[in-house]
Amino acid sequence: MNNPLLELKEVSYKNKNNFTLNKVSLRINSGEKIALLGKSGAGKTTLISILNGTIRPNKGSVKLFNTEFDKLNLYQKSKISTIWQDLRLIEDLSAEQNVNCGLLGKQSILFAFKNLLNISSFNKAHQYMQVCNLKKSIFSKNIRKISGGQKQRVAIARSLIQESDILLADEPFNNLDPKLASNIKNLLLITKNKNKIKVPCTTLISLHRLDLLDGFNRIIGMKNGEILFDLEKTKLKKFHLNKIY
Amino acid sequence: MNKLKLNPSSITFLPILVCIPLAYELFINFHIGGIELFKEFIISALNPRINNEIIFTLVKRLNETIFIAFSSWLVSIIFGVIFGIFSSEIFYKILNLPIFLKRFLNLFLTFIRSIHEVIWGLILMQIYGINFSIGIIAICIPYVAINAKVFSEQIENINPKTIESIKQINGIKSSTLITLLWAPVIEIFKNFGLYRLECAIRSTAVLGLFGVGGIGTSIFLSFQTLNFRELWTYLWGLAFLIIISKELLKKLNLSKTSKKFLTSFVIALFCISLFSLSFFFYFIFNKNAIPFNSINNLWILNFNFISYDFLKLLLETIVLCLLSTGIAISFPPIFILILNNKIGITIIRIISFLFRLIPPPVLILILLMFNDPSISLAAITLGLHNAAITSKLLLSNLHNQDNKQYIAMKSLGVAKRSSWLFGLFVIQANSYLAYCAYRSDIIIRETAILGVIGSVGLGWQLQESLSSFAWEEVIVILFTYSSIAIIGELINGKIKSNLT
Amino acid sequence: MIFSSLFFSTLYSPLNANPKFLKIGAIPDQNQEVLDKRFNLFSKELSKSLDVKVKYIPVINYIAAVTGFRTNDLDLVWFGGLSGVQARLQTPNAIVIAQRDIDKEFKSVFIVNKKLKLDSISNKNGLKKLKNLKFTFGSENSTSGRLMPEYFLNNVGIKIKDFKGKRVGFSGSHDATIALVNSGAFDAGALNKQVWENNLKNNPKRTNNVNLFWITPNYVDYHWVSQGNLDNRFRKGFTKELKSTILNLDIKNTEHKKILDMFNAKKFIEAESSDYKNIEAIARKLKKIR
C-alpha cells in the first residue's frame, strides 16, 4: 500500500445528466486486477472517466504516480489506456488503422500521417488483432462494415497496443459470446501470456457477468455513485451482491 | 392540438410558407408581353449558333475557364480545409487554445464570405491593376471562406466521445488532430469538394471581369446584346465542361486508389499549397501597388448617404435574402418528395442543372418577360438558382447514404413517400440544413449582382456607387452586407443550439 | 518559395513590365464577336503603321476599363462619354485622341410600351408624361443609356423619385432595355439611338410592342483616350503619330473601310477634352463624378 498507482481522494462529480459520484476514495496499486460491479447508472462509467482524466471531478483530487493529473506530461498520461463502453472507434477508418491509432502516443506525427494514408506498417497491429481472435479477413475492413463483437475486439486491441501500465475497461465483454468473453478476459488479466504481447499489469474492469469474476483479486461494488464495498475476491459473499443489485 | 415541434426536418419544409406572399405578388404582376423573346430564348437553346469563329472562341475561353476554375478550386479547397480546421472547436480543444481566437477568425471569415467575388475582383483591381492572377485570387478569397465554413461545420459533427477516446491515447497533439480529422475531411471532400469544382467553373461564368476572364466574358457580352443563339453556344459549352469535369473526377475514387498514388497525391497537394502561398506572398510584396487615388476622401463619410432610402434598401435586401433562402431550403425536399420515382428524379436533375447553368442575371431577364420587376421576382430568381444547387447536394447525399432504414420502413408496409421521408430524408435533414445555412450567406452576396435590373435592394446601390467610384459609399455598403451576414450567422447559431 | 517567386516574376514580367507593347482596350458595349473583330482589326492597322506591338486586352465592364486605364494596364482605350471623363479625371495627363464623326452629334431615344398609347413628342416638356410610370435606363455608367437621358429628364423637372415605386431600373444594356419595355415589365426606357435603329431594322419582332417617344438633342459621346506618357515610352512624337494614324483612316481604302464599318463610322475626327466639359458638368450634377 505504500505506492499507489492511481489515487482518488473524496472525489465528487455532478453534471446535468445526473451521473454522480459522491465522495469516492480509491487507491489502485500496481498489479491489482479489479472488477467493478454495479447496476447500470451506478456511476461506473463516470468513475472510469475520472480515473483516466477525461472528466475532472467537481471536488476532490485524482493522482497518478503521486502527481496531480494536470501536472502530468503526455508520456505519463499515456500509461493509462481505456476501453470505452461505447468503443469510440473512428468510423470511416479500417480496423487496422484504428488499432494503429493506439500507437499515436509513442510515435511521431509522420506515423499518424502514414497510418491515415494506409502506408504505415501494420505488423504490430495485426499481431494484437490476432491475439484478440480477429480474423485476417477483417483487418482492412471499414469499421462501419464489421459486427458489434468484432468492433469490441478492435477496441480492445487498440487499447492493448498502447502497452500501458493501467488498463481501464468499461464493460468490454458486452458484445462477445461466452467463450470469446472468457478468452478475452483471460487475455486482459494474465500479464505474461503465450502470445508474447505485453498486457497492463494493473487492470480495472467493470462488468455485469458474475461468471467472469475468476481471476480478479479485488472487487469493488458501486451503487448510486458511492462505493458500497471494496474487498478481496476471496471475501466476496452473496449478500454483498444482493446489496448492489 | 399539439404544438408544432421544430426539428431539422420540419424546418426544411416550413420555409415553403414564403411562397404565399411570393405567389401573390407574382400573380398580380403577371403579363405575357415578352412571350416572343422567351420563345426566341427557348428556340435558341435548341439551335445555338455554331460556326468556325465561335467554336474557336469557345474553345479558347473554355481553356481559360478550366485553368482559372481548376486552380482556384484547388487552392480554395486546400486553404478551406486549413481554415476550416482553424475555425472548428476541436482544434482549440485539442491544442488548448483560447476560444476567442476562433470567434475572431469566424467573424473574419464571415466578412470575407459576404462579399461577392466580383466585388473582390474590382477592389483588388483598384490596387493591382488588370492582372490575370486577380481573377483567380478574387474567386479564391470568398471560396476559401465558404469552404472553411462547410468543413468546420462538418468537423464539428464528429462525435465528441471519439475525440475523447483518441485524446486519451495521449499522443502528440498534432497527430491526435490529424487522426481525428482525416476521415471526415476526406468524406466532406468527396461529397462537397468535387461539387465545389462545379461552383468554381460556374463562378468564372459570372466573374469574367478581366482580360482573361474565361467564358464569363463571352456569356456576359452575348447576353448584354441579347444574342441568345450565341449565348446558348457558350452556355452549352460550359455545361459540357461541367459534365466532363464531374465524370473525370468521379473516376478518381480516393478510397480505391493505390497507396503509391495516394502518397504522390498528398505530396502534390502539399506542393500546390506551398506554391500558391508563395505566389500569394510574391503577389502582395513584389507587385507595386498602385496608389488608391481616392484614398484621401475614403474616411470622410457622407452621412447624408445613410438616410431613409438606405434603410429601405437594407430592409429590401434582408427580405430578398429571407424569401430566396426560404425557396432554396424548401423546394428541393418538397419536389423530391412529390416526384419520388425514377423519372421524377431525372426531371428534377435536368431542371436543376439548367437553373444552375443559367447565370441569375440572365434568368431574371427571362422572368421579367412575364412579370413586373419586384422583390418577389428577384427572390424567385435567386431562390430557384440556389434551390437548384441545394437540390443537387441533397440528391447526391441521399444517393450516397445507406438505405437500410428506408428498406426497413418499406418492409413495415409504409408508403413509398413516407418511408422516403422517414427512412432517408430525416437522417439527412441536419446536414442539409447546415449546407443551406452557408447557402444563405451566398444568397446575401448574390443580391449584390442581382438587384440591379429590378433595382431592388442594396445591390443596386452598390453598383451605382462602384460605377461612380465613390469608395466611401462602397465601404459602407460592404460593411452593411457583412453585418447582415454576421447577424444571419448569429441567428443561425441560435436556431441550431435550440434544436440540439 | 524563392524559386516560385522567381518563376512568377519571369512569367509575369513580359505582360506587365514590357513598355514596348501598346495595350488597347474598350468599354464592352457590343457582343464578343464584334468587339474582338473590331479591335483586332484596329490593332493590326496600328501595329502596321506605327511599327509597334499592339495588344488588345478585353475588359468586361466600364469600371474595369476606367481602372485599367488608371493603373496603366491600358494605354489607349475606347471610352464612352462618361467613362472617358471619369478615366481622365482619375489619370492625370491623359490625352483625348479622337472621336468618330457620329460622336459629335450623338443621340438617345426614349421608348414607351404601346399599351400606354402615348404619342411621340416633339418638345422635351412632353417628357413629363412619363411621370409615375415604370422606367428603366440601360447600364449605370452608359452616357447614352443613362447619363444624358437622366439629364434631359431632370431638365424638365423629373427626378428619379417621380417614377413609379420612386425608383428606376437598370437593364444593363441597350438591347435589354428594348426587351424589357417590349415585354411590358417596364413602361418606358431610354437608350442609344444607334442600337434602337439597328433593332428596328434587324429585329422587328423585338420592337413589336414599342413606340418611339422622343429623340434627344445632340451631345458628344465615345472617344479614344491615351496615356500621357506614350512619347517617353515609345519614341518622341509617338502620340502625334498615333493620332494621325487614327484620323487618317480612310473609307476609300478597303482595309480601312473594314475597320470604320466595324465602328459604324465614316471617319475619325479631332476631339478635345474641352468637348466633354458639358458631360463632366452633367455627371457631377448627377453625382456620377464626385
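Residues numbered from 1 in each chain as written. Chains lettered and ligands numbered in written order. Predicted model: local features only at pLDDT ≥ 70, side-chain atom pairs only at ≥ 80, totals over all residues. Heavy atoms only, no water.

Caption draft 1: Broad picture of the packing of helix α15 (residues 342–357) of chain B against helix α17 (residues 375–400) of chain B. Residues and elements named next belong to chain B. As a packed pair, α15 and α17 sit with axes 8 Å apart at the nearest point and diverge in direction by 135°. Viewed along their axes, α15 and α17 adopt a mutual orientation that is oblique. α15 and α17 meet at a crossing whose hand is left-handed. Contact with α15, carried on its side by Ile345, Ile348, Arg349, Ser352, Phe355 and Arg356, involves Leu384, His385, Ala388, Ile389, Ser391, Lys392 and Leu395 of α17 and no other residues of that element. (Axes fitted to C-alpha atoms, helices over the stretch in contact; angles between N-to-C directions. Helix = DSSP H or I, 4+ residues; strand = E, 2+ residues; numbered from the N terminus. Parallel < 35°, antiparallel > 145°, perpendicular 65-115°, else oblique. Left-handed = near helix turned anticlockwise from the far one by under 90°. Contact = heavy atoms within 4.5 Å.)

Caption draft 2: Quick peek at the interface of chain B and chain C. Each side of the interface is counted separately: chain B has 69 residues, and chain C has 60 residues. Between chain B and chain C, a total of about 5,400 Å² is buried, with carbon and sulfur atoms accounting for 55% of that surface. When the area that chain B buries against chain C is broken down by residue, the three leading residues are Ile130, Gln224 and Phe469 of chain B, summing to 12%. Here chain B is connected to chain C by 6 salt bridges. Between glutamate 316 of chain B and arginine 167 of chain C there is a salt bridge, with its nearest N and O atoms 2.4 Å apart. Scanning the region where chain B abuts chain C turns up 14 residue pairs in polar contact (both at pLDDT 80 or more). Sort the elements by how many residues they give to the side of chain B that touches chain C and helix α11 (residues 215–224) of chain B lands first, with 7 residues. Taken together, the residues of the side of chain B that touches chain C sort by class into 32 nonpolar, 25 polar and 12 charged. (Buried area = accessible area lost by both parts, 1.4 Å probe. Salt bridge = Lys/Arg side-chain N within 4 Å of Asp/Glu carboxyl O. Polar contact = N/O pair within 3.5 Å; in protein donor to acceptor, adjacent residues only side chain to side chain. Nonpolar A, V, L, I, M, F, W, Y, C, P; charged D, E, K, R; others polar.)

Caption draft 3: Region of interest: the domain arrangement of chain A. Residue and element names in this part refer to chain A. By domain assignment, chain A separates into domain 1 (1–79 + 164–245) and domain 2 (90–163). For domain 1 and domain 2, the distance between their C-alpha centroids amounts to 24 Å. Listed per partner, the contact involves 21 residues of domain 1 and 14 residues of domain 2. Between domain 1 and domain 2 the total buried area reaches about 1,400 Å² when both faces are included, carbon and sulfur atoms providing 64% of it. (Domains from an automatic or database assignment.)

Caption draft 4: Main features of the pattern of salt bridges. Overall, the coordinates contain 31 salt bridges over all chains when judged by the stated rule. Across the salt bridge formed by arginine 146 of chain C and glutamate 150 of chain C, the nearest N and O atoms sit 2.7 Å from each other. Of the two residues, arginine 146 of chain C and glutamate 150 of chain C are both situated in helix α5 (residues 143–155); the distance of 4 residues between them amounts to about one turn of the helix. Judged by its relative accessible area of 3%, arginine 146 of chain C is buried. Glutamate 150 of chain C sits in the buried class, given a relative accessible area of 8%. Taken together, the salt bridges that share partners define one network made up of Glu464 of chain B together with Arg146, Glu150 and Lys288 of chain C. (Buried < 20%, exposed > 50% of the residue type's maximum accessible area, 1.4 Å probe, protein only.)

Caption draft 5: Summary view of the interface of chain A and chain B. Taken together, the contact between chain A and chain B spans 30 residues of the former and 21 residues of the latter. Of the roughly 2,500 Å² buried between chain A and chain B, counting both surfaces, carbon and sulfur atoms make up 68%. Its largest share of buried area at the contact with chain B, chain A owes to Arg88, Leu116 and Leu117 of chain A, together 24% of the area lost on that side. Inspection of the region where chain A meets chain B yields 0 salt bridges. Looking at the side of chain A that touches chain B, the elements that each hand over two or more residues are α2 (74–77), β6 (80–83) and α4 (109–116) of chain A. Element by element, the count of residues in the side of chain A that touches chain B is highest for α4 of chain A, at 4 residues. Among the residues making up the side of chain A that touches chain B, the classes are represented as 14 nonpolar, 10 polar and 6 charged.

Caption draft 6: Structural detail: the packing of helix α3 (residues 35–46) of chain B against helix α12 (residues 228–251) of chain B. Residues and elements named next belong to chain B. Contact geometry of α3 with α12 gives a least axis separation of 8 Å together with a crossing angle of 40°. Taken together, the axes of α3 and α12 lie oblique to each other. For the pair α3 and α12, the crossing hand works out as right-handed. For the pair α3 and α12, contact is made by Leu37, Glu40, Phe41, Ser44 and Ala45 and by Phe228, Arg229, Leu231, Trp232 and Trp236, respectively. Its residues assigned to classes, the contact of α3 with α12 comprises 7 nonpolar, 1 polar and 2 charged.

Caption draft 7: Structural detail: the domain arrangement of chain B. All names here are of chain B. Domain parsing of chain B yields domain 1 (7–34 + 295–500) and domain 2 (48–290). Every contact between the two is made by 39 residues of domain 1 and, on the other side, 40 residues of domain 2. Of the roughly 3,400 Å² buried at the junction of domain 1 and domain 2 (both faces included), carbon and sulfur atoms supply 70%. When the area that domain 1 buries against domain 2 is broken down by residue, the three leading residues are Leu357, Tyr438 and Arg445, summing to 20%. In this structure, lysine 149 and glutamate 489 form a salt bridge, with 2.9 Å as the shortest nitrogen-oxygen distance. Linking domain 1 to domain 2 there are 3 residue pairs in polar contact (both at pLDDT 80 or more). Those elements that place two or more of their residues in the side of domain 1 that touches domain 2 are α15, α16 (360–368), α17, α19 (416–450), α20 (457–467) and α21 (471–499). Residue contributions to the side of domain 1 that touches domain 2 peak at 11 residues, all from α19. Tallied by class, the residues present in the side of domain 1 that touches domain 2 amount to 26 nonpolar, 5 polar and 8 charged.

Caption draft 8: Layout of the side chain of serine 144 of chain C. All names here are of chain C. Assignment of secondary structure puts serine 144 in helix α5. Classification of serine 144 by relative accessible area gives buried; the value is 1%. When near neighbours in sequence (up to four residues on either side) are disregarded, serine 144 contacts Phe106, Ser108, Pro149, His174, Leu191, Asn192, Tyr219 and Asp221.

Caption draft 9: Looking closely at the nonpolar core. Leu127, Leu130 and Trp224 of chain C are the most contacted members of the largest nonpolar core, which has 281 residues in total. If we ignore the near neighbours within four places in the chain, the residues touching leucine 127 of chain C are Phe110, Ile121, Phe152, Leu153, Val156, Ile158, Phe213 and Trp214 of chain C. Formed by 26 residues, the second largest nonpolar core is a distinct cluster that contains Leu6, Ile48, Leu64 and Leu72 of chain A. (Core = buried A, V, L, I, M, F, W, Y, C linked by side-chain atoms within 4.5 Å.)

Caption draft 10: Representation of helix α6 (residues 174–183) of chain C in the model. Residues and elements named next belong to chain C. Counting buried positions over the 10 residues of α6 gives 10, a clear majority of the element. By the burial criterion, the buried members of α6 are His174, Asp175, Ala176, Thr177, Ile178, Ala179, Leu180, Val181, Asn182 and Ser183. Two residues or fewer after α6 comes glycine 184, characterised by a positive phi angle close to 95°.

Caption draft 11: Spatial organisation of the arrangement of the chains. Most contacts, when the 2 pairs of chains in contact are compared, are made between chains B and C. What separates chain A from chain C at the closest point of their C-alpha atoms is a distance of 23 Å, and the two make no contact.

Caption draft 12: Quick look at the environment of isoleucine 201 of chain B. Residue and element names in this part refer to chain B. Tracing the backbone through its elements, the reader meets isoleucine 201 in helix α10 (residues 173–207). A relative accessible area of 4% places isoleucine 201 in the buried class. For the pair isoleucine 201 and isoleucine 66, spaced 135 residues apart in sequence, the C-alpha separation works out to 7.2 Å.

Caption draft 13: Spatial organisation of the packing of aromatic side chains. Summed over the entire model, instances satisfying the criterion amount to 36 aromatic pairs over all chains. Geometrically, the ring pair formed by phenylalanine 91 of chain B and tyrosine 92 of chain B is edge-to-face, given 5.3 Å between the ring centres and 85° between the ring planes. Ring centres of phenylalanine 42 of chain C and tryptophan 224 of chain C lie 4.6 Å apart, and the angle between their planes is 10°; on these two criteria the pair is classed as stacked. With phenylalanine 42 of chain C in helix α2 (residues 32–50) and tryptophan 224 of chain C in strand β10 (residues 223–226), this residue pair connects regions lying 182 residues apart in the sequence. Both residues of the pair, phenylalanine 42 of chain C and tryptophan 224 of chain C, count as buried. A cation over a ring is seen here: arginine 38 of chain C above phenylalanine 263 of chain C, with NZ or CZ 4.6 Å from the ring centre. Above the face of the tyrosine 222 of chain C ring, arginine 100 of chain C is positioned so that its terminal group lies 5.0 Å from the ring centre. (Phe/Tyr/Trp six-rings, centres within 6.5 Å; stacked < 30°, edge-to-face > 60°. Lys NZ or Arg CZ within 6 Å of the ring centre and 35° of its normal.)

Caption draft 14: Broad picture of the sheet that holds strand β7 (residues 169–170) of chain C. Residues and elements named next belong to chain C. Spatially, β7-β6-β8-β5-β9 is the arrangement adopted by the 5 strands of the open sheet, whose pairing is mixed. Each of the sheet's edge strands pairs with one partner strand only, and the pair in question is β7 and β9 (210–215). With respect to the sheet, α5 is in contact with β5 (108–113), β6 (135–137), β7, β8 (188–192) and β9, its orientation differing from that of β6 by roughly 130°. Here helix α7 (residues 193–202) sits on the sheet and contacts β5, β8 and β9; the angle it forms with β8, its principal contact strand, is near 100°. (Pairing = 2+ DSSP bridges.)

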